[in-house]
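Given next are the chains, with one letter for each unit.
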Amino acid sequence: MASLRAPVGRIQAVAAAFLAVAMAATVGGALGFEHLGGFLPCKLCLEQRTPYYIGAPLMILALLSHGLKWPGWLTRGLLLIGALLMTYGLALAIFHSGVEWKFWAGPTDCSAATMSITTDAGSLLSDLNAVRPAACDTAAGRFLGLSFAGWNAVASLILLIVGFYAAFARPDKKA
């Protein structure tokens with residue numbers, strides 16, 4: 001296992017590129033389900049996006065750091081931050097999944113922070129009555145037994161493993 005001060009190589013560059021694309025695709029998928037699929041996110045759903053919003057640009061910066069031959073500790077440090085963000089994302093996803101499975105209670109104020117309502121003042125009240133924010137303790141749907149939060153836990157776990165591996169991998173011969 002290498003330290004964060006070790007030189008970087010191809011492993012770090014490939015991992016940074018993979019993480020940037022994977023993080024952007026994951027949060028992009030969530031946005032697609034919301035805006036194209038009509039799945040209103042709950043408060044916890046929205047919180048789970050934060051590590052991706054921060055992580056994807058950081059992984060682009062890690063790739064840039066490698067490409068511009070900045071210090072290896074910077075590239076490895078950015079990869080480590082990405083891995084830690086995904087660790088936080090995993091914890092949020094597990095917590096949200098547990099709330100959905102009724103293993104523990106969720107936040108008392110858990111409802112969608114954004115709702116699609118009209119800007120037409122005449123129908124505003126009827127729209128407010130018709131739109132029901134998503135509740136954190138109800139999964140919008142399940143695929144192969146997992147909710148969106150469950151799949152986010154899987155994605156976060158994979159991404160954190162890649163991030164930690166790349167941050168501490170021995171330098172390869174090719175830069």
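Each remark here, short or long, concerns the structure printed above.
Not measured: the values here are computed from a predicted model. (Residues numbered from 1 in each chain as written. Predicted model: local features only at pLDDT ≥ 70, side-chain atom pairs only at ≥ 80, totals over all residues. Heavy atoms only, no water.)

**Details of unusual backbone geometry**
Then comes step 1: Of note in the backbone geometry, Lys69 takes a positive phi value of approximately 60° without being a glycine.
Then comes step 2: Tracing the sequence through the fold places Lys69 in the loop between helix H2 (43–67) and helix H3 (72–100).
Then comes step 3: Taking relative accessible area as the criterion, Lys69 reaches 61% and is therefore assigned exposed.
Then comes step 4: Residues other than glycine seldom take positive phi values, yet Leu144 does so here, at roughly 55°.
Then comes step 5: Its place among the elements puts Leu144 in the loop between helix H4 (124–130) and helix H5 (148–168).
Then comes step 6: A relative accessible area of 68% means that Leu144 is categorised as exposed. (Helix = DSSP H or I, 4+ residues; strand = E, 2+ residues; numbered from the N terminus. Buried < 20%, exposed > 50% of the residue type's maximum accessible area, 1.4 Å probe, protein only.)

**Some thoughts on the environment of Ala135**
Then comes step 1: If you trace the backbone, Ala135 turns up in the loop between H4 and H5.
Then comes step 2: Sequence separation between Ala135 and Asp109 is 26 residues, and the spatial gap between their C-alpha atoms is 9.3 Å.

**Here's the deal with the side chain of His96**
Then comes step 1: Examined against the element boundaries, His96 turns out to sit in helix H3.
Then comes step 2: The buried category is assigned to His96, whose relative accessible area is 1%.
Then comes step 3: In this view, His96 contacts Cys42, Leu44, Cys45, Gln48, Cys136 and Ala149; residues no more than four positions away in its chain are not counted. (Contact = heavy atoms within 4.5 Å.)

**Quick notes on a nonpolar patch on the surface**
Then comes step 1: Together, Ile94, Phe95, Trp101, Phe103 and Trp104 make up a nonpolar patch on the protein surface, roughly 540 Å² of accessible area in all.
Then comes step 2: When you line up the elements, Ile94 lands in helix H3. (Patch = residues over 30% accessible without salt bridge, like charges linked within 9 Å, V, L, I, M, F, W, Y side chains within 5 Å. Areas by Shrake-Rupley, 256 points an atom, 1.4 Å probe, with all protein chains shown as cover. Salt bridge = Lys/Arg side-chain N within 4 Å of Asp/Glu carboxyl O.)

**Quick notes on the pattern of salt bridges**
Any two side chains of opposite charge can pair, on the condition that their charged atoms come close.
Then comes step 1: One pass over the full model with this rule turns up one salt bridge.
Then comes step 2: For Glu34, the salt bridge goes to Arg49, with nearest N and O atoms at 2.7 Å. Taken together, the residues Glu34 in helix H1 (residues 10–35) and Arg49 in helix H2 connect sequence positions 15 residues apart.
Then comes step 3: For Arg49, a relative accessible area of 8% corresponds to the buried category.

**Structural notes on the packing of aromatic side chains**
Then comes step 1: With the rule as written, the count across this model stands at six aromatic pairs.
Then comes step 2: Ring centres of Phe33 and Phe39 lie 5.9 Å apart, and the angle between their planes is 75°; this geometry places the pair in the edge-to-face category.
Then comes step 3: Overall, the relative accessible area of 43% leaves Phe33 in the partly exposed class.
Then comes step 4: Their ring planes at 40° and their centres at 6.2 Å tell us that Phe143 and Trp151 sit as a pair that is tilted. (Phe/Tyr/Trp six-rings, centres within 6.5 Å; stacked < 30°, edge-to-face > 60°.)

**Comments concerning the packing of H1 against H5**
Then comes step 1: Remark: H1 packs on H5, axes separated minimally by 9 Å, with the N-to-C direction vectors making an angle of 165°. When the interaxial angle is binned, H1 and H5 end up roughly antiparallel. Seen along the crossing, H1 lies across H5 with a hand that is left-handed. Taking contact as the criterion, the partners of Ile11, Gln12, Ala15, Phe18, Leu19, Ala22, Met23, Thr26 and Phe33 in H1 are, on H5, Phe148, Asn152, Ala155, Leu159, Val162, Gly163, Tyr165 and Ala166.
Then comes step 2: Counted by class, the contact of H1 with H5 contains 13 nonpolar, four polar and no charged residues. (Axes fitted to C-alpha atoms, helices over the stretch in contact; angles between N-to-C directions. Parallel < 35°, antiparallel > 145°, perpendicular 65-115°, else oblique. Left-handed = near helix turned anticlockwise from the far one by under 90°. Nonpolar A, V, L, I, M, F, W, Y, C, P; charged D, E, K, R; others polar.)

**Re H1**
Then comes step 1: Helix length check: H1 (26 residues) gives 37 Å between terminal C-alpha atoms against 38 Å at 1.5 Å per residue, within 8%.
Then comes step 2: Of all the positions in H1, only Gln12, Ala13, Ala15, Ala16, Leu19, Ala20, Ala22, Met23, Val27 and Glu34 are classed as buried.
Then comes step 3: In this structure, the buried residues of H1 make contact with H2, H3 and H5. (Expected span 1.5 Å × (residues − 1).)

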